[in-house]
Amino acid sequence: MKRVIVGMSGGVDSSVAALLLKKQGYDVIGIFMKYFDNKCPWREDSIDAMLVSQSLKIPFYIIDITKNYKNLIIDYLYKEYKKGYTPNPDIICNSKIKFKFFLEKSIFLKSHFIATGHYVIKKEVNENGKISYKMRSGIDENKDQSYFLCLLNKVQIKKSIFPLGWLNKKEVREIAKKYNLINANKKDSQGICFIGKIKFLNFLKKKLAQKKGLIIEINKNSHIFKKFLSPNIEYKKEYGQIIGHHIGAHYFTKGQRKGLKIGGYKYPLFVIEKDMKKNILYVGMGKNHPGLYTKVICIKNYNIHWINKKKIKTKIKVECRIRYRQNFQKATFYKKNNDFYVEFEIPQLAVNGGQFLVWYLNNEVIGSGLI
């Protein structure tokens, strides 16, 4: 009987994943990872995971990795915002903590596989007598989580099982109800859990000091938009007018409208760019402002992670995402001067440095890049 370690969060997805694997004949072990302190309901979640494990009659362990999580994720978050980027802690957590940690524990517990409740599909392919493993988006378009797993390496994918990839959320809840799991109707977690109930701005203020700076409005008919689309524009103070002040450019992201605290405009103001050195926010009125959109994204070669590089040629049509749950965006992927470029058919709204761009071919995750 093959053994599998299941990461159990206390939610219905990971619980059903453990249930399905048990029914398939695996020797299942449940592990709950404690990432954070009392700001989150981790105790309640761990109890739910424990009770589900008891009902499934599988061993269950709680592992405290708070220190590693702080060093690799929370500190990373502060560091990236300080530089003016918009990081994605979930992607980093999956590659550097969850799946890395599970692989280490799988060796210790003599487990053949690791498993999670992610909605993705793993495929085993025989190519000229050699077995390879690929990752595809889950069939539930609203729950597909392949974006969050874009930094997994081939070993992590090979050793992983994703029982929910061919199911949708409704089916998962129906399975949980059928087998009387206590969390069958439990709501999905929202937001970044370790922040707790405080506002994200207040979370950032704990480590990033306030710094007063200018807010400059750039008119949508400005001459700078006639030749370029953001982020190729070099914004300057003289291109617009000062309309107010902010408390720190590092608190804002491109596309943000809340927190500017400036009224009297026909349409909402949005952040269209930041100058971190001069601590300036450039803003534009209305969601159709050209400064909000990006047609071409350049990704440095050293910021690219490949899962299946063989399918990429010099120039190829792909589908992309720059955020979770975004519909696939058609684009052309090509290499120039040792860097890679993605040119979208439709300009993309609010592209921020620090985000991850993930590209697909026929729903298969080919690679990703840090913007």
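A quick note: this is a predicted structure, and the numbers were derived from the prediction, not measured.

Criteria and cut-off values
- Residues numbered from 1 in each chain as written.
- Predicted model: local features only at pLDDT ≥ 70, side-chain atom pairs only at ≥ 80, totals over all residues.
- Heavy atoms only, no water.
- Pairing = 2+ DSSP bridges.
- Helix = DSSP H or I, 4+ residues; strand = E, 2+ residues; numbered from the N terminus.
- Axes fitted to C-alpha atoms, helices over the stretch in contact; angles between N-to-C directions.
- Buried < 20%, exposed > 50% of the residue type's maximum accessible area, 1.4 Å probe, protein only.
- Phe/Tyr/Trp six-rings, centres within 6.5 Å; stacked < 30°, edge-to-face > 60°.
- Lys NZ or Arg CZ within 6 Å of the ring centre and 35° of its normal.

Here we look at the sheet that holds strand β10 (residues 269-275)
Taking strand neighbours across the sheet as the criterion, the four strands line up as β9-β8-β11-β10 in an open arrangement whose pairing is mixed. Each edge of the open sheet carries a strand with a single partner, namely β9 (241-246) and β10. Direction aside, the axes of adjacent strands within the sheet are offset by 30 degrees on average.

Quick notes on unusual backbone geometry
Residues other than glycine seldom take positive phi values, yet lysine 110 does so here, at roughly 55 degrees. With respect to the secondary-structure elements, lysine 110 resides in the loop between α4 (89-108) and β4 (113-115). Classification of lysine 110 as exposed rests on a relative accessible area of 69%. One non-glycine residue, alanine 350, lies in positive phi territory at about 55 degrees. With respect to the helices and strands, alanine 350 occurs in the loop between β16 (339-349) and β17 (356-361). In this structure alanine 350 comes out as buried when scored by relative accessible area, which is 9%.

Quick word on the packing of aromatic side chains
On inspection of all chains with the given rule, the structure shows 18 aromatic pairs. Ring centres of tryptophan 306 and tryptophan 359 lie 5.9 Å apart, and the angle between their planes is 70 degrees; this geometry places the pair in the edge-to-face category. In this pair, tryptophan 306 sits in strand β13 (residues 304-306) while tryptophan 359 sits in strand β17, placing the two residues 53 residues apart along the sequence. With relative accessibility at 0%, the residue tryptophan 359 sits in the buried group. Look at phenylalanine 328 and tyrosine 360: their rings are 4.7 Å apart centre to centre, the planes differ by 65 degrees, and that puts the pair in the edge-to-face class. Linking phenylalanine 328 in the loop between β14 (315-321) and β15 (329-336) with tyrosine 360 in strand β17, this pair joins segments that are 32 residues apart in sequence. The rings of Tyr78, Tyr81, Phe200 and Phe203 are connected pair by pair, giving a single aromatic cluster. One cation-aromatic arrangement involves lysine 105 over phenylalanine 108; the distance from NZ or CZ to the ring centre is 5.4 Å. Taking the ring centre of phenylalanine 328 as reference, the NZ or CZ of arginine 321 above it sits at 4.2 Å.

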